[in-house]
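What follows is the residue order along each chain.
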Amino acid sequence: MIDRKLFYDGIRPSPFGGKLSQSQVDGIEAVLNFWESPPVNPDGDFGKQWGIRAPGWLAYMLATIYHETATKMQPISEYGSNDYFTKHYETRSDLGNGPAAGGQAGDGARFHGRGFVQLTGRRNYTLMVPIVRHFYPDCPDFTTDPEAVKQLDYASTILFYGMFCGTFTGRALKHYIGDPSAGQGVDFVGARHIINGNDRASTIAGYAQHFMAALDSSMTAVHVHHRGERQT
């Protein structure tokens, strides 16, 4: 468990420059809540990864959100016009866009990037429907309601599943971040490959260090507090 006050006290100075908005807190809370108590237990490969997760995974996810949402900590839409999305995504067969890939005309704009990380393309929107419905059965079909991937609960689930299971690029958190207490390495720079190659890798690694320091202090404080309770 995470002592939320200590955690927010830890991240407020850096990377947030001394101030956190309610909107930023709301976004962070959605991620922390899923980390601590998902609506149902993850299963399959997601469940396997859930069993080996380390606090550094959470730190890096928060750092990724900080970067990908331009510090807003809220699910956002990719910047760009429909013309831009059509030009870059409309005929992307790897994204399942357009009639030639089994999709429909207009998929490039319809399935532009959205979320805590930029979920893009008909194929990826389709993939995430049963994943999110495992946790939230009332989740709509993202192929008919693509804006729904920006709802906090759904965006958090997509973030966790994609980064735990490697669905965004084929690389996952387990490939880069272990548990130092078990003698495992932590490569926050290399972990950028989970989302986008080497783009701003060192900068995001710096954000992750700040989140990790706050998690270390807030998790340790909770552990010590609970240990004291058991001794009384």
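Throughout, a residue's number is its position along its own chain's written sequence, starting from 1. The predicted nature of this model means local features are confined to residues of pLDDT at least 70 and side-chain atom pairs, given and counted, to a pLDDT of 80 or more, with totals for whole chains, interfaces and linings taken over all residues. Computation of side-chain values: all heavy atoms of the structure, hydrogens and water removed.

A. Molecular detail of the nonpolar core. Buried Ala, Val, Leu, Ile, Met, Phe, Trp, Tyr and Cys residues form a nonpolar core when they are joined through side-chain atoms within 4.5 Å. Three exposure classes are used, based on accessible area relative to the maximum for each residue type with a 1.4 Å probe and protein chains only: buried under 20%, partly exposed in between, and exposed over 50%. The biggest cluster of nonpolar side chains holds 65 residues, and the ones touching the most others in it are Phe7, Ile28, Phe142, Phe164 and Phe211. Here a helix means four or more residues in a row that DSSP labels H or I, a strand means two or more in a row labelled E, and each is numbered from the N terminus. Within the residue set of this core, elements represented by two or more residues are helix H1 (4–11), helix H2 (22–36), helix H3 (44–52), helix H4 (55–68), helix H7 (122–135), helix H8 (152–165) and helix H9 (201–231). Beyond its immediate chain neighbours, meaning those up to four positions away, phenylalanine 211 contacts Phe7, Ile11, Pro15, Phe16, Ala59, Leu62, Ala63, Tyr66 and Met73. The contact definition used throughout considers only heavy atoms, calling two residues in contact when any of these lie within 4.5 Å.

B. Up close: the environment of glycine 197. Among the structural elements, glycine 197 can be located in the loop between H8 and H9. Take glycine 197: its relative accessible area is 29%, and that puts it in the partly exposed class. Sequence separation between glycine 197 and threonine 169 is 28 residues; the distance between their C-alpha atoms is 8.7 Å.

C. Just the pattern of salt bridges, in detail. Throughout this description, the term salt bridge denotes a Lys or Arg side-chain nitrogen within 4 Å of a carboxyl oxygen of Asp or Glu. The full count for this structure, using the stated rule, is 11 salt bridges. One salt bridge connects arginine 4 with glutamate 29, and the closest N-O pair in it is separated by 2.7 Å. Of this pair, arginine 4 sits in helix H1 while glutamate 29 is found in helix H2, placing the two residues 25 residues apart along the sequence. Across the pair lysine 150 and glutamate 147 runs a salt bridge whose closest N-O atoms are separated by 3.0 Å. For lysine 150, a relative accessible area of 23% translates into the label partly exposed. Residue glutamate 147 is classed as partly exposed on the basis of its relative accessible area of 38%. Overlapping salt bridges, with partners in common, bring together Arg4, Glu29 and Glu36 in one network.

D. Structural detail: the packing of H2 against H4. Where H2 meets H4, the axes come as close as 11 Å, and the angle between the chain directions of the two elements is 155°. In terms of orientation, H2 lies roughly antiparallel with respect to H4. The interaxial crossing formed by H2 with H4 has right-handed handedness. When H2 is examined against H4, the residues Ile28, Val31, Leu32 and Trp35 are found in contact with a partner set consisting of Pro55, Trp57, Leu58, Met61, Leu62 and Ile65. Considered class by class, the residues forming the contact of H2 with H4 number 10 nonpolar, no polar and no charged. Inter-axis angles, ranging from 0 to 180 degrees, are taken between N-to-C directions of lines fitted to C-alpha atoms, where helices are fitted over the stretch in contact. Here roughly perpendicular refers to angles of 65 to 115 degrees, roughly parallel to angles under 35, roughly antiparallel to angles over 145, and oblique to all remaining angles. In this scheme the handedness of a crossing depends on how the near helix is turned from the far one: anticlockwise by less than a right angle means left-handed, clockwise means right-handed. The nonpolar class holds Ala, Val, Leu, Ile, Met, Phe, Trp, Tyr, Cys and Pro. Asp, Glu, Lys and Arg form the charged class, and all remaining residues, Gly among them, are polar.

E. Here's a closer look at the packing of H3 against H8. The N-to-C vectors of H3 and H8 enclose an angle of 80°; their axes lie 9 Å apart at closest approach. Compared by their axis directions, H3 and H8 come out roughly perpendicular. Across the interface between the two elements, Asp45, Phe46, Gln49 and Trp50 of H3 pack against Phe160, Tyr161, Phe164 and Cys165 of H8. Looking at the contact of H3 with H8, its residues break down into six nonpolar, one polar and one charged.

F. Examining H1 more closely. If you check which residues of H1 are buried, you get Arg4, Phe7, Tyr8 and Ile11. What you see down the axis of H1 is that its buried residues fit within an arc of 90°, all on one side. Structurally, the start of H1 carries an N-cap: the backbone nitrogen of lysine 5 is 3.2 Å from a side-chain oxygen of aspartate 3. Regarding the arc, it is the one traced by the directions from the helix axis to the C-beta atoms. Polar contact criterion, stated in full: a pair of N or O atoms within 3.5 Å, where within protein one must be able to donate a hydrogen and the other to accept it, and residues adjacent in sequence count only if both atoms are side-chain atoms.

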